[in-house]
Amino acid sequence: MSRESAYFIVRNLDGKHDLKELKQELDTLRGVSSVSVNTQNHLVSVDYDSSGVTYDRIEHRLNRLGYEIAADASNIQTQ
C-alpha cells in the first residue's frame, strides 16, 4: 500500500455544486481515501493508494467531468 497525494489547480471550479460533484465522483475511484476542494484557490487535493488508482486516472476523471486542469500543484505548499 503506497499512500500518495495529488494536487490540481482547476480553472472552472465554482461553487458548492462543483465541490459536491467532485467529491462524489472522485470518491468512487478505488483507492481514493480523501478529497479536499478549495474553491477560492481552485485547488483540488486527493489522497490515494497508488495500488488502487493512479495519478493519471484521477486527472482523466477530472477531465471527463469537464474540469480544466490548469496545473499540477504538487510543488505548492498547502496548509
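Residues numbered from 1 in each chain as written. Predicted model: local features only at pLDDT ≥ 70, side-chain atom pairs only at ≥ 80, totals over all residues. Heavy atoms only, no water.

A.B. asks: How do you make sense of the overall build of the chain when you look at a structure like this?
C.D. replies: Scanning the chain from terminus to terminus reveals two helices and four strands. In terms of overall size, the chain behaves like a compact globule, its C-alpha atoms giving a radius of gyration of 11 Å where 79 residues would be expected to give roughly 12 Å. Dimensions along the principal axes, computed over C-alpha positions, put the chain at roughly 35 × 25 × 20 Å. In the chain, once contacts between residues fewer than 6 apart in sequence are set aside, the share between residues at least 24 apart is 66%. Positive and negative side-chain charges in the chain, numbering 9 and 12 respectively, have mean positions lying 6 Å apart. (Helix = DSSP H or I, 4+ residues; strand = E, 2+ residues; numbered from the N terminus. Rg over C-alpha atoms; globule rule 2.2 N^0.38 Å. Contact = heavy atoms within 4.5 Å. Lys, Arg positive; Asp, Glu negative; His and termini not counted. Charge placed at Lys NZ, Arg CZ, Asp CG, Glu CD.)

A.B. asks: Help me understand the UniProt feature "domain: HMA" (unreviewed entry) in the chain in this model?
C.D. replies: Residues annotated by UniProt as "domain: HMA" (unreviewed entry) correspond here to residues 20-68. The distance from the first to the last C-alpha atom of residues 20-68 is 17 Å, and the span holds 37% helix and 29% strand. (UniProt positions renumbered as here; feature names shortened; annotations may be inferred.)

A.B. asks: Would you take a moment to explain the pairing of strand β1 (residues 3-10) for this structure?
C.D. replies: Consecutive side chains along a regular strand alternate between the two faces of the sheet. As paired strands, β1 and strand β3 (residues 43-49) are joined by seven bridges and run antiparallel to one another. Residue pairing across strands places Ser5 opposite Asp47, the latter belonging to β3. (Pairing = 2+ DSSP bridges.)

A.B. asks: In this structure, what is going on with the nonpolar core? I would like to understand it.
C.D. replies: Where a protein is soluble and globular, its nonpolar side chains tend to be buried together. With 19 residues, the main nonpolar core has Phe8, Leu22, Leu26, Val44 and Ile58 as its most contacted residues. Every element with two or more residues in this core is listed here: β1, α1 (15-27), β2 (32-38), β3 and α2 (55-64). With sequence-adjacent residues up to four places away left out, Leu22 is seen in contact with Leu13, Val37, Val44, Leu62, Leu65 and Tyr67. (Core = buried A, V, L, I, M, F, W, Y, C linked by side-chain atoms within 4.5 Å. Buried < 20%, exposed > 50% of the residue type's maximum accessible area, 1.4 Å probe, protein only.)

A.B. asks: Explain the sheet that holds β3 to me, please; I cannot follow it from the model alone.
C.D. replies: Strand pairing in a sheet relies on backbone hydrogen bonds. The paired strands run either parallel or antiparallel. Read across the sheet, four strands follow the order β2-β3-β1-β4 without closing on themselves; strand pairing throughout is antiparallel. The open sheet has two edge strands with one neighbour each: β2 and β4 (69-72). Averaged over all pairs of adjacent strands, the angle between strand axes in this sheet comes to 25 degrees, irrespective of strand direction. As paired elements, β2 and β3 share six bridges and run antiparallel to each other. Looking at the pairing, Asn38 lines up with Leu43 of β3. Contacts between α1 and the sheet are confined to β2 and β3, with β2 contributing the most and set at about 165 degrees to the helix. The sheet strands contacting α2 are β1, β3 and β4, and the helix crosses β1 at an angle near 30 degrees. (Axes fitted to C-alpha atoms, helices over the stretch in contact; angles between N-to-C directions.)

A.B. asks: I'm lost on the confidence of the model for the chain in this one. Help?
C.D. replies: Interpreting fine coordinate detail is not advised for predicted regions of low pLDDT. Here the chain shows a mean pLDDT of 88. Residues at 70 or above account for 94%. Within the chain, the element-level pLDDT minimum falls on α1, averaging 84, and the maximum on β3, averaging 95. (pLDDT = per-residue confidence, 0-100.)

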